[in-house]
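An overview of the molecular structure
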Amino acid sequence: MEIVIVPDAAAGGELIAAAIADLLIRKPDALLGVATGSTPLPIYEALATKVRETDLDVSRARICQLDEYVGLPKGHPESYRSVVLREVVEPLGLTESSFMGPDGSAEDIAAACLAYDQALAAAGGVDLQLLGIGTDGHIGFNEPCSSLASRTRIKTLTERTRVDNARFFNNLDEVPHHVITQGIGTILEARHLVLLATGEGKADAVALTVEGPVSAVVPASALQLHPHATVVVDEAAASGL
Ligand code: GLP
């Protein structure tokens with residue numbers, strides 16, 4: 001695992017956007033797995049700036065989603081599909097046709113999960129998967145004690161994660177209890193994992209991820225098992241290392 005400590009979130013965004021640009025130069029139709037939350041926003045901003053201000057061509061890039069809420073109506077502004085379209089796909093000048101994600105409003109959620117795992121494999125696998133980290137060490141929505149071999153499936157959110165994510169909704173009651181997430185086993189199949197963590201609130205989770213034992217109790221510690229994992233942290237998130 002490679003650990004890169006950067007001065008601040010903006011520097012982390014620049015660094016990772018540069019890695020994505022390099023990938024897209026080598027492989028223009030790369031499948032880029034994106035994460036939601038506040039942390040990756042500097043990455044998407046830096047990448048969109050490169051597209052506007054340089055001759056970087058992302059027109060053949062493909063984007064895929066890490067996780068999704070279950071039960072939000074199609075088109076809900078806080079469904080991760082809407083968030084990724086708004087924060088990543090549209091700013092890069094791409095359209096919905098270059099984007100894939102699990103269907104959180106499907107009648108049969110188990111079938112939707114299986115279909116998504118199969119779609120990722122059929123697309124040739126994820127080339128670079130961006131990850132954030134929850135304060136409890138979750139990646140995607142794989143909460144503590146998720147199997148390290150898990151596949152895309154439905155999960156129940158912990159109260160802590162619902163509270164953490166309530167800022168995106170009008171109140172806590174609106175935060176769904178259930179989600180679809182790529183499993184840890186699914187995530188580990190990506191060719192390159194890049195986790196960004198910023199701010200002091202992530203310091204404990206980062207220390208356990210990087211220096212603790214590999215354990216289902218800290219799902220992000222599974223990155224230690226991956227042959228090509230990069231953890232980018234700002235000074236504050238690195239303060240427990
Ligand atoms: C959610 C997402 C995760 C994300 C986490 C942290 O739980 N499912 O993918 O990493 O939030 O979000 P933030 O970056 O806003 O702290």
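The model shown is predicted, which means the values in this text are computed figures rather than measured ones.

**Section: the overall build of the protein**
- Helix and strand counts for the protein come out as 7 helices and 10 strands.
- Rg of the C-alpha trace for the protein: 17 Å, near the compact-globule value of 18 Å for 241 residues, within the 12% margin.
- Overall size of the protein, expressed as C-alpha extent along the three principal axes, is 45 × 40 × 35 Å.
- Residue burial in the protein is summarised as follows: out of 241 residues, 44% are buried.
- Within the protein, contacts between residues separated by at least 24 positions form 78% of all contacts whose residues are at least 6 apart in sequence.

**Notes on the nonpolar core**
- Grouped together as the largest cluster of nonpolar side chains are 62 residues, with contacts concentrated most on Val194 and Leu195.
- Once residues within four sequence positions are removed from consideration, Leu195 is found in contact with Leu131, Ile133, Ala220, Leu223 and Val231.

**Some words on the sheet that holds strand 8 (residues 178-181)**
- Sheet architecture is open: 3 strands sit in the order 4-8-7, paired in antiparallel fashion. In the strand order of this sheet, the two ends are held by strand 4 (67-69) and strand 7 (153-156), each with one partner. Here the strands of the sheet are splayed against their neighbours by 30° on average, with no regard to which way each runs.
- The pairing of strand 7 with strand 8 spans 4 bridges and is classified as antiparallel. Following the sheet pairing, Thr156 is matched in strand 8 by His178.

**Notes on the site of the ligand**
- The local shell around the ligand holds 14 residues, among which Ala35, Gly37, Ser38, Thr39 and Gly132 are the closest.
- Across the shell around the ligand, the residue classes break down as 4 nonpolar, 9 polar and 1 charged.

**A closer look at the environment of Pro213**
- Summarising the element assignment, Pro213 is placed in the loop between helix 7 (203-211) and strand 10 (229-234).
- Taking C-alpha positions, Pro213 is 8.9 Å from Gln224, a pair spaced 11 residues apart along the chain.

**Some thoughts on the environment of Thr95**
- Here Thr95 is to be found in the loop between helix 3 (80-89) and strand 5 (99-100).
- A sequence separation of 127 residues divides Thr95 from Ala222, and the C-alpha atoms of the two residues are 33 Å apart.

**Concerning unusual backbone geometry**
- Phi at Cys145 takes a positive value of approximately 80°, unusual for a residue other than glycine.
- One can find Cys145 in the loop between strand 6 (128-131) and strand 7.
- Given 11 C-beta atoms within a 10 Å radius, Cys145 is considered exposed.

**Let's talk about the UniProt feature "domain: Glucosamine/galactosamine-6-phosphate isomerase" (unreviewed entry) in the protein**
- Under the present numbering, the feature "domain: Glucosamine/galactosamine-6-phosphate isomerase" (unreviewed entry) in UniProt falls on residues 10-225.
- Helix makes up 35% of residues 10-225 and strand 14%, and the two end C-alpha atoms of the span are 28 Å apart.

**Description of the sheet that holds strand 9 (residues 192-197)**
- Strand order in this open sheet of 7 strands is 1-10-9-6-2-3-5, and the pairing throughout is parallel. A strand with exactly one partner marks an edge of an open sheet, and here the two such strands are strand 1 (2-6) and strand 5.
- Here strand 2 (residues 31-34) pairs with strand 3 (residues 62-65) via 4 bridges, running parallel. Across the sheet, residue Val34 finds its bridge partner in strand 3, namely Gln65.
- Against the sheet, helix 1 (residues 9-26) makes contact with strand 1, strand 2, strand 6, strand 9 and strand 10, and its axis sits at roughly 155° relative to strand 10, the strand it touches most.

**A closer look at the packing of helix 1 against helix 2 (residues 41-53)**
- Helix 2 packs onto helix 1 with a crossing angle of 55° between their chain directions and a minimal axis gap of 7 Å. For the element pair helix 1 / helix 2, the angle class is oblique. Crossing hand, helix 1 versus helix 2: right-handed. On the side of helix 1, the interface is formed by Ala9, Ala10, Gly12, Gly13, Glu14, Ile16, Ala17, Ile20 and Ala21, while helix 2 contributes Pro42, Ile43, Glu45, Ala46, Leu47 and Lys50.
- Partitioned by chemical class, the residues of the contact of helix 1 with helix 2 number 10 nonpolar, 2 polar and 3 charged.

**So, the UniProt feature "site: Part of the allosteric site" (unreviewed entry) in the protein**
- Those residues carrying the UniProt feature "site: Part of the allosteric site" (unreviewed entry) are Ser146, Arg153, Lys155 and Thr156 in this numbering.
- In this structure, Ser146 sits in the loop between strand 6 and strand 7.
- In this structure Ser146 touches Ile184, Ala216 and Pro219, once residues within four positions along its chain are discounted.
- Within the element layout of this structure, Thr156 appears in strand 7.
- When residues no more than four places from it in sequence are discounted, the contact partners of Thr156 are His177 and His178.

Parameters and conventions
- Within each chain, residues carry numbers counting from 1 in the order of the written sequence.
- Given that the model is predicted, a residue must reach a pLDDT of at least 70 before its local features are reported, and side-chain atom pairs must reach 80 or more before they are shown or counted; all residues, however, enter totals for whole chains, interfaces and linings.
- Secondary structure elements follow DSSP: runs of H or I of four or more residues count as helices, runs of E of two or more count as strands, with numbering from the N terminus.
- Note that the radius of gyration is over C-alpha atoms, with the globule rule given as 2.2 Å times the number of residues to the power 0.38.
- Exposed residues have 12 or fewer other C-beta atoms within 10 Å of their own C-beta, buried residues have 20 or more, and residues in between are partly exposed; the C-beta atoms are placed from the backbone.
- Contact definition: two residues whose C-beta atoms, as placed from backbone geometry, lie within 7 Å.
- Only buried Ala, Val, Leu, Ile, Met, Phe, Trp, Tyr and Cys residues enter a nonpolar core, and they are joined through C-beta atoms within 7 Å.
- Each pair of strands is called paired provided DSSP finds at least two bridges between the two strands.
- Note on definitions: angles span 0 to 180 degrees between N-to-C directions of axes, and those axes are lines fitted to C-alpha atoms, for helices only across the stretch in contact.
- Residues are classed as near a molecule or strand if the C-beta position derived from their backbone is within 6 Å of it.
- Only Asp, Glu, Lys and Arg are considered charged, only Ala, Val, Leu, Ile, Met, Phe, Trp, Tyr, Cys and Pro nonpolar, and every remaining residue, Gly among them, polar.
- UniProt positions are given in the numbering used here, feature names are shortened, and annotations may be inferred rather than shown by experiment.
- Note on terminology: angles under 35 degrees are roughly parallel, angles over 145 are roughly antiparallel, angles of 65 to 115 are roughly perpendicular, and the others are oblique.
- For any pair of crossing helices, the crossing counts as left-handed if the nearer helix is rotated counterclockwise from the farther one by less than a right angle, and right-handed if it is rotated clockwise.

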